[in-house]
Amino acid sequence: MGPTMPTDAPAPADVELLAGPTPASSALVEAGPEMPVDGRGEGRLNALVRFWPLTRGDRRWLALVSVSMVATGLAETVAVLLFGHLTDSALQTGALRAYWGPAGAWLAVSAAAALIGFGGNCLGAWVGERFILRLRARVFAHLQRLPVQFFQRHRAGDLVERLTGDVTAVEELAVTGAIGIASAVINVVLFGAALVWLRWDMAVAVLAASPVFWLAARRMTDRVDAAAHAQRAADGAVSAVIEESLRGVTLRRMFGRAGEEERRLDVEAERWLRSTMSAVRLEECYHQVVVVLESVCVLGVVGLGTWEVGHHRLTVGQLLSFAAFLGCLYPPLQSLGRTTLLVTSAAAAAERVAEIWDAPVAEDALVEDDAAVGEPLAGPCPALEFRGVTLRHSGAGDALLRDVTFALDARRTAVVSGPSGGGKSTLARLALRLVEPTHGQVLLNGRRLDRLPSGRLHEEITFVPQHTDLLPASVADNIGVARPGATRAEITAAAREAGLHDALTGLPQGYDTVLDPQQPCLSDGELRRLALARACLRGSAVWILDEPVAGLDPQAAAATLAALRRRAADHTMLIISHEPDRYPWADSRLFLREGRLSG
């Protein structure tokens with residue numbers, strides 16, 4: 001039918017009001033295993049262990065990649081030995097006939113190694129990209145089920161960065177990094193064995209210096225850890241500033257605030273530059289130290305080998321082979337040393353991703369009554385009830401709501417009015433379970449909301465906000481998001497009932513006209529009626545409406561009120577309004593002032 005994520009919720013966290021994760025993301029979610037929850041502050045190796053289960057299903061391909069790495073390493077080893085044989089048999093003797101055999105074998109082995117390496121590298125990249133898709137889908141699906149408080153603590157742009165850049169960094173740790181470690185170990189073993197086979201005494205001297213690479217990386221681990229955390233946080237801050245600026249671009253242009261946004265970005269970009277250069281300097285320092293150490297080792301081997309050749313204990317071909325193996329050995333040794341830096345850097349990203357994954361969804365912590373979850377709701381029109389509800393912000397002294405108690409029977413309408421800031425919108429957020437009461441209970445048809453799965457709750461309650469959010473999709477999809485699978489006839493009927501059909505048929509492509517969330521081609525009144533059409537299509541038993549006719553012209557307001565009055569006979573309605581007299585058919589009127597209810 002089209003996008004399934006609801007957009008008329010009052011807060012970004014309210015992504016389950018109408019639907020859950022998309023089918024595409026669900027398919028990827030099922031491909032991975034359950035993520036073990038072990039909290040933050042995990043060790044660097046634990047970060048690898050934590051995300052490794054997501055490679056399940058692709059491990060046979062990783063095994064094939066490992067086989068290709070072994071084959072490539074063996075081919076390179078044989079090629080170097082053939083090079084030494086070619087030197088001794090052809091170059092030293094000057095016999096051209098001795099050249100063709102080793103040269104042909106060398107070329108064949110090199111071509112085979114190239115083909116195998118190409119296949120293995122492409123396969124490894126494919127597995128890594130599948131890991132990214134799977135991890136991002138799993139984290140995104142979990143993100144949609146988090147309570148609104150989580151989104152109040154994190155900027156939207158930073159969350160975007162976690163789902164993009166940080167997820168990619170985790171892949172570099174769990175897949176690309178693992179492949180790199182395996183490749184380096186295989187090459188070290190093969191080339192080290194070849195060195196020992198050629199001259200074990202010289203090989204021992206060479207291998208004795210290998211721990212220096214690990215020690216050099218180890219010395220920088222703590223500094224890289226701090227730089228990586230700072231860099232990931234700076235990336236998130238830059239993304240957040242850009243996202244916030246783009247979201248409010250119209251407002252800032254109206255009031256000439258573009259310069260202020262540029263300064264905000266400059267501050268975060270400068271912080272990003274400092275953290276990035278800190279990481280670059282550490283990486284470059286390690287690289288140059290290793291280059292110097294490698295040069296010292298190579299010069300030592302060449303000097304020792306020259307002495308051995310002079311005493312006829314080593315041939316020129318063997319010396320060249322030994323030097324070639326040495327040149328092949330140090331890069332994987334260096335890679336193993338760099339692995340410590342890679343794990344440290346990627347672990348910072350893994351912690352940021354894990355913070356989303358570990359965040360508890362409200363439902364998981366609060367659903368206790370299994371029987372209540374499994375039973376169908378009694379009656380087609382559940383009632384809404386508040387029992388002694390008090391709500392305080394964390395750390396705030398004054399309560400937003402104080403001991404609010406009222407019951408709204410099925411097929412009844414209540415209008416809540418009162419001064420701005422009195423708690424009317426908070427009442428709606430509690431009924432939608434976007435926030436949890438500090439004290440008291442909210443009930444739907446006699447059942448506590450915190451014992452209902454959020455999916456069931458949002459099937460029974462529809463919220464019509466004062467400001468209608470849009471998807472970058474067609475008008476039909478923007479209405480149909482309320483009920484995935486709805487037919488065009490059902491969508492059209494909902495639009496007619498909301499008094500929107502005539503306006504939609506006048507658009508260039510009618511119901512197929514694509515709406516721009518930033519600059520929609522509908523008026524404010526038409527957008528309000530689009531939200532009402534969603535409610536009509538949804539068909540929930542309980543409607544909560546926030547100022548449904550505020551700011552509308554008389555004709556649009558009259559059409560909206562007529563639609564509400566028709567629906568009031570079959571639905572329970574809680575209407576928030578500064579103009580309660582517009583709803584003469586309401587069964588009760590409630591007044592909220594400073595969090596206290598009267599009526």
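It should be noted that the structure appears before, not after, this text.
This structure is a prediction, so every number in the text was calculated from the model and none was measured.

J.: Help me understand the overall build of the chain, please; the structure alone is not making it clear to me.
T.: Across its full length, the chain holds 20 helices and ten strands. Residue burial in the chain is summarised as follows: out of 599 residues, 48% are buried. When the accessible area of the chain is evaluated, it comes to approximately 28,000 Å², of which 59% is carbon and sulfur surface.

J.: What is the right way to look at the environment of Val78 in this model?
T.: Along the polypeptide, Val78 turns up in helix α3 (residues 59-91). Since its relative accessible area comes to 37%, Val78 is described here as partly exposed. Between the C-alpha atom of Val78 and that of Ser110, which follows or precedes it by 32 residues, the distance is 9.1 Å.

J.: I would appreciate a short explanation of the side chain of Arg538 in the present structure.
T.: For Arg538, the position within the fold is in helix α19 (residues 524-538). The side chain of Arg538 is buried and forms no salt bridge, while Glu459, the nearest opposite charge, is found at 5.7 Å. A polar contact is formed between the side chain of Arg538 and the backbone oxygen of Ala482, at a distance of 2.8 Å.

J.: Mind showing me how you'd approach the pairing of strand β8 (residues 572-576) here?
T.: For a regular strand, side chains alternate in direction, first toward one face of the sheet and then toward the other. Counting buried positions along β8 gives five out of five residues, so the element sits mostly inside the fold. Here β8 shows a buried face lined by Thr572, Leu574 and Ile576 and a second buried face lined by Met573 and Ile575. Pairing of strand β3 (residues 413-417) with β8, which is carried by four bridges, proceeds in the parallel orientation. Counterpart to Val415 in the pairing with β8 is Ile575. Sheet analysis places strand β7 (residues 542-546) next to β8, joined by five bridges and oriented parallel. Note that in β8 the partner of Val542 across the bridge is Thr572. Crossover connection from β7 via helix α20 (residues 554-568) to parallel β8: handedness right-handed.

J.: What should I look at first to understand the packing of aromatic side chains in this one?
T.: Applying the stated rule across the entire model yields four aromatic pairs. Both rings, one in Phe150 and one in Phe151, keep their centres 5.8 Å apart while their planes meet at 80 degrees; by these two values the pair is edge-to-face. Classification of Phe150 as buried rests on a relative accessible area of 3%. Look at Tyr583 and Trp585: their rings are 5.6 Å apart centre to centre, the planes differ by 75 degrees, and that puts the pair in the edge-to-face class.

J.: Any chance you could explain the sheet that holds strand β4 (residues 439-444) here in plain terms?
T.: Within a sheet, each strand pairs with its neighbour through backbone hydrogen bonds, oriented either parallel or antiparallel. The strand order across the open sheet formed by four strands is β2-β1-β4-β5, and the pairing between neighbours is antiparallel. Where the open sheet ends on each side, the last strands, each with one partner, are β2 (399-408) and β5 (447-448). Across six bridges, the pairing between strand β1 (residues 384-392) and β2 is antiparallel. By the bridge assignment for β2, Leu384 is matched with Leu408.

J.: Explain the packing of helix α4 (residues 97-143) against helix α6 (residues 156-198) to me, please; I cannot follow it from the model alone.
T.: If you want to describe how two helices pack, look at the angle between their axes and the distance between the axes. Closest axis-to-axis distance for the α4/α6 pair is 9 Å, and the angle between their directions is 140 degrees. If you check the angle between α4 and α6, you find them oblique. Helix-helix and strand crossings are classified by hand; for α4 and α6 the assignment is right-handed. The segment α4 lies against α6, with Gly124, Val127, Gly128, Phe131, Ile132, Leu135, Arg136, Val139, Phe140 and Leu143 engaging Leu159, Leu163, Thr164, Val167, Thr168, Val170, Glu171, Ala174, Val175 and Ile179. Partitioned by chemical class, the residues of the contact of α4 with α6 number 14 nonpolar, four polar and two charged.

J.: Help me understand the nonpolar core in this model?
T.: Nonpolar side chains tend to gather and get buried jointly when the protein is soluble and globular. With 41 residues, the main nonpolar core has Ile479, Leu504, Leu532, Trp543, Leu545, Leu564 and Tyr583 as its most contacted residues. Mapped by element, the contributors of at least two residues to this core are α16 (475-480), α17 (488-497), α19, β7, α20 and β8. At eight residues, α19 tops the list of elements feeding residues into this core. Residue contacts for Leu532: discarding those within four places in its chain leaves Val464, Ala498, Trp543, Leu545, Thr560, Ala563 and Leu564. Core analysis: the next-biggest nonpolar cluster, separate from the first, contains 31 residues, Val389, Val416, Leu452 and Phe463 among them.

J.: Any chance you could explain the pattern of salt bridges here in plain terms?
T.: Summed over the entire model, instances satisfying the criterion amount to 15 salt bridges. Arg162 is the partner of Asp158 in a salt bridge, and the nearest nitrogen-oxygen pair spans 2.9 Å. Of this pair, Asp158 and Arg162 both sit in helix α6, four residues apart, roughly one helical turn. Exposure class is identical for Asp158 and Arg162. Each is buried. Residues Asp158 and Arg352 are paired through a salt bridge, measuring 3.0 Å at the closest nitrogen-oxygen approach. Linking Asp158 in helix α6 with Arg352 in helix α11 (residues 316-358), this pair joins segments that are 194 residues apart in sequence. Relative accessible area serves as the criterion here: at 10%, Arg352 is assigned to the buried category. Connected through salt bridges with shared partners, the residues Asp158, Arg162, Asp166, Arg352 and Glu355 form a single ionic network.

Criteria and cut-off values
- Residues numbered from 1 in each chain as written.
- Predicted model: local features only at pLDDT ≥ 70, side-chain atom pairs only at ≥ 80, totals over all residues.
- Heavy atoms only, no water.
- Helix = DSSP H or I, 4+ residues; strand = E, 2+ residues; numbered from the N terminus.
- Buried < 20%, exposed > 50% of the residue type's maximum accessible area, 1.4 Å probe, protein only.
- Areas by Shrake-Rupley, 256 points an atom, 1.4 Å probe, with all protein chains shown as cover.
- Lys, Arg positive; Asp, Glu negative; His and termini not counted.
- Salt bridge = Lys/Arg side-chain N within 4 Å of Asp/Glu carboxyl O.
- Polar contact = N/O pair within 3.5 Å; in protein donor to acceptor, adjacent residues only side chain to side chain.
- Pairing = 2+ DSSP bridges.
- Right-handed = clockwise from strand over helix to strand, strands pointing away.
- Phe/Tyr/Trp six-rings, centres within 6.5 Å; stacked < 30°, edge-to-face > 60°.
- Axes fitted to C-alpha atoms, helices over the stretch in contact; angles between N-to-C directions.
- Parallel < 35°, antiparallel > 145°, perpendicular 65-115°, else oblique.
- Left-handed = near helix turned anticlockwise from the far one by under 90°.
- Contact = heavy atoms within 4.5 Å.
- Nonpolar A, V, L, I, M, F, W, Y, C, P; charged D, E, K, R; others polar.
- Core = buried A, V, L, I, M, F, W, Y, C linked by side-chain atoms within 4.5 Å.

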